[in-house]
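# Coordinate inspection notes
These are the residues of each chain, in order.
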Amino acid sequence: MSVAIASPEALYEKLKHIHVGNPLCEYTYERCIELFPIIEEISILKEEKNALILAHTYVHPDIVFGVADHVGDSYGLAKAARQTQASIILFPAVRFMAETAKLLNPDKLVLDPNPNGGCSLADSIDPDTVWRLRRQYPQHTFVCYINTTAAVKAACDVCVTSSNAHIILEKIPNDRIYFLPDRLLAENTKNRLLKRGITKEILSYPGSCYVHEEIQEEEIDLMRYRFPDVTVLAHPECPPEVVQKADVVGSTTEMHRYVVAHQHQRSPFFLLTECGVASRLQIDAPHAKLVGGCHLCKYMRSNSLQSILAALKQPKESDIITIEPQIQERARRCIERMFDYAE
Ligand code: 13P
Ligand code: SF4
């Protein structure tokens, strides 16, 4: 839960620690003076309307530290959405996350303030393709990454996130899995299971995340040359050669937790994921030494305090999440099966 920010000074005291190599993630005192009235207005409206703000770690730090009630990975946010008593859920992240919240809360108003809430994974596959693949592979259990539209979830058996894909794929009582749409997460999960002696057939669809697929193993080699004792943390959407060289592999929340817990170690941390994890850690783990550059997700970064305020004040039709009635039940079952396996 975020602590209410009382003044522009308090906002600057928090955000001035962020230096992740991108001007969009840096905060001057002047910028905090400009942002503070918007944060204040959002906080008042949130209270008045009994709204909950769920933010993914990749959105701008002014959202994460200024107005969010819960910040996390896609699994933690789905869980928070499932448990809330709030009347309105406002979800600065990407569209598929807000859709998941709506599927879990069909009677609540769920708002997506992002004018560009795509995701290269969610946009890579449509339900017709899934149904065609199901006819082609009738013996396989169809597992989708949570980074898919509600319509794609409705065509699949169970969904997974980066934090539980390995647990769920192991538990599914079928040795034949079709995993979509992230071929890199599929391969990394297959390798993780292989290490534990589990040899399932895991076919995959050729989708990938445009941010993580560009990360190269040479970045790890160069960083280890400069800092031989560096701890490398990678998201499982990275290519397998990167994941194999990393010391810690996990979801954004798992990476965040690891660094918070080990922040007093003398050696540095190198995070192979979107910059949001590093900027959050510069505040939550002030003793950690972080090295390396910055990768921004253009979709997550399209969220802004201004669009959150506008959606809370008077949501546009495009801010309001609606799910076609004919797919709601199947899509919800696909998500609920994830909770059954993971909890
Ligand atoms: P997490 O669930 O690990 O936060 O991942 C979501 C995502 O979109 C990563 O690119
Ligand atoms: Fe999608 Fe990649 Fe952005 Fe995550 S980082 S929301 S997978 S495009």
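Everything that follows concerns the structure shown earlier in this document.
What comes next concerns the included structure. It should be emphasised that the depicted structure is a prediction, and the values quoted were computed from it without experimental measurement.

Check the secondary structure of the chain and you find 15 helices and 12 strands. For the chain, whose C-alpha radius of gyration is 20 Å, the value lies close to the compact-globule estimate of 20 Å for 343 residues. Based on the C-alpha atoms only, the size of the chain along its principal axes is roughly 60 × 55 × 30 Å. Relative to its full complement of 343 residues, the chain shows a buried share of 57%. In the chain, 67% of the contacts between residues at least 6 apart in sequence involve partners at least 24 apart. Per element, the accessible surface of the chain, about 14900 Å² overall, is 50% carbon and sulfur. Each charge class in the chain can be summarised by its mean position, and for the 37 positive and 44 negative side chains these summaries are 5 Å apart.

A few words now on the environment of valine 248. Relative to the assigned elements, valine 248 resides in strand S10 (residues 248-249). According to the relative accessible area criterion, valine 248 is buried, its value standing at 17%. Taking C-alpha positions, valine 248 is 21 Å from tyrosine 210, a pair spaced 38 residues apart along the chain. Residues within four places of valine 248 in sequence aside, it is in contact with Thr231, Val232, Leu233, Ala234 and Tyr258.

In this section: the sheet that holds strand S12 (residues 290-291). Sheet architecture is open: four strands sit in the order S10-S9-S11-S12, paired in parallel fashion. If you trace the sheet from one side to the other, it starts and ends with S10 and S12, each paired once.

The final tally for this structure, using the stated rule, is five aromatic pairs. Taking the centre distance of 5.0 Å and the plane angle of 5° together, the rings of phenylalanine 142 and tyrosine 178 count as stacked. Of this pair, phenylalanine 142 sits in strand S5 (residues 141-145) while tyrosine 178 sits in strand S7 (residues 176-180); the two residues are 36 residues apart in sequence, bridging distant segments of the chain. Comparing phenylalanine 142 with tyrosine 178, the two get one shared label, buried. Ring centres of tyrosine 210 and tyrosine 299 lie 5.9 Å apart, and the angle between their planes is 85°; this geometry places the pair in the edge-to-face category. You can see tyrosine 210 sitting in the loop between strand S8 (201-204) and helix H10 (217-226) and its partner tyrosine 299 sitting in the loop between S12 and helix H14 (305-313), a full 89 residues away along the chain. Site record: aromatic cluster; members linked through ring pairs are Tyr137, Phe142 and Tyr178. Cation over ring: arginine 82 sits above phenylalanine 339, and NZ or CZ is 4.0 Å from the ring centre. In this structure, lysine 298 packs its charged tip against the face of tyrosine 210, placed 5.3 Å from the ring centre.

In the vicinity of ligand 1, the contacting residues are His56, Tyr58, Asp73, Ser74, Asn147, Ser162, His212, His235, Glu237, Ser251 and Thr252. At a separation of 3.3 Å, an oxygen atom of ligand 1 approaches a polar side-chain atom of asparagine 147. For ligand 1, an oxygen atom lies 2.7 Å from a polar atom in the side chain of serine 162. For ligand 1, the accessible surface in isolation is 300 Å², of which the surrounding protein chains cover 96%. In the shell around ligand 1, the residues fall into one nonpolar, eight polar and two charged.

Our next topic: the nonpolar core. Inside soluble globular proteins, nonpolar side chains tend to come together where they are buried. Within the largest apolar cluster, 111 residues are counted, with the highest numbers of intra-cluster contacts made by Ile42, Phe91, Phe179 and Leu180. The element contributing the most residues to this core is helix H2 (residues 29-49), with seven residues. If near-sequence neighbours (up to four positions away) are discounted, isoleucine 42 is found in contact with Ile53, Val67, Leu305, Ile308, Leu309 and Leu312. Counting residues in each nonpolar core, the second largest holds 13 residues, with Ile215, Met223, Val232 and Ala234 among its members.

A sheet is described by the order of its strands in space; here four strands give the open sequence S6-S5-S7-S8, paired in parallel fashion. The sheet is open, and its two borders are formed by strand S6 (158-160) and S8, each paired with just one other strand. Averaged over neighbouring strand pairs, the angle between their axes works out to 30° when direction is ignored. Relative to S8, S7 is paired through four bridges, and the arrangement is parallel. For phenylalanine 179, the partnering residue across the bridge sits in S8 and is serine 204. Against the sheet, helix H15 (residues 325-342) contacts S5 and S6, and its axis sits at roughly 65° relative to S6.

Thresholds, definitions, all that
- Residues numbered from 1 in each chain as written.
- Chains lettered and ligands numbered in written order.
- Predicted model: local features only at pLDDT ≥ 70, side-chain atom pairs only at ≥ 80, totals over all residues.
- Heavy atoms only, no water.
- Helix = DSSP H or I, 4+ residues; strand = E, 2+ residues; numbered from the N terminus.
- Rg over C-alpha atoms; globule rule 2.2 N^0.38 Å.
- Buried < 20%, exposed > 50% of the residue type's maximum accessible area, 1.4 Å probe, protein only.
- Contact = heavy atoms within 4.5 Å.
- Areas by Shrake-Rupley, 256 points an atom, 1.4 Å probe, with all protein chains shown as cover.
- Lys, Arg positive; Asp, Glu negative; His and termini not counted.
- Charge placed at Lys NZ, Arg CZ, Asp CG, Glu CD.
- Pairing = 2+ DSSP bridges.
- Phe/Tyr/Trp six-rings, centres within 6.5 Å; stacked < 30°, edge-to-face > 60°.
- Lys NZ or Arg CZ within 6 Å of the ring centre and 35° of its normal.
- Near = heavy atom within 4 Å.
- Polar contact = N/O pair within 3.5 Å; in protein donor to acceptor, adjacent residues only side chain to side chain.
- Nonpolar A, V, L, I, M, F, W, Y, C, P; charged D, E, K, R; others polar.
- Core = buried A, V, L, I, M, F, W, Y, C linked by side-chain atoms within 4.5 Å.
- Axes fitted to C-alpha atoms, helices over the stretch in contact; angles between N-to-C directions.

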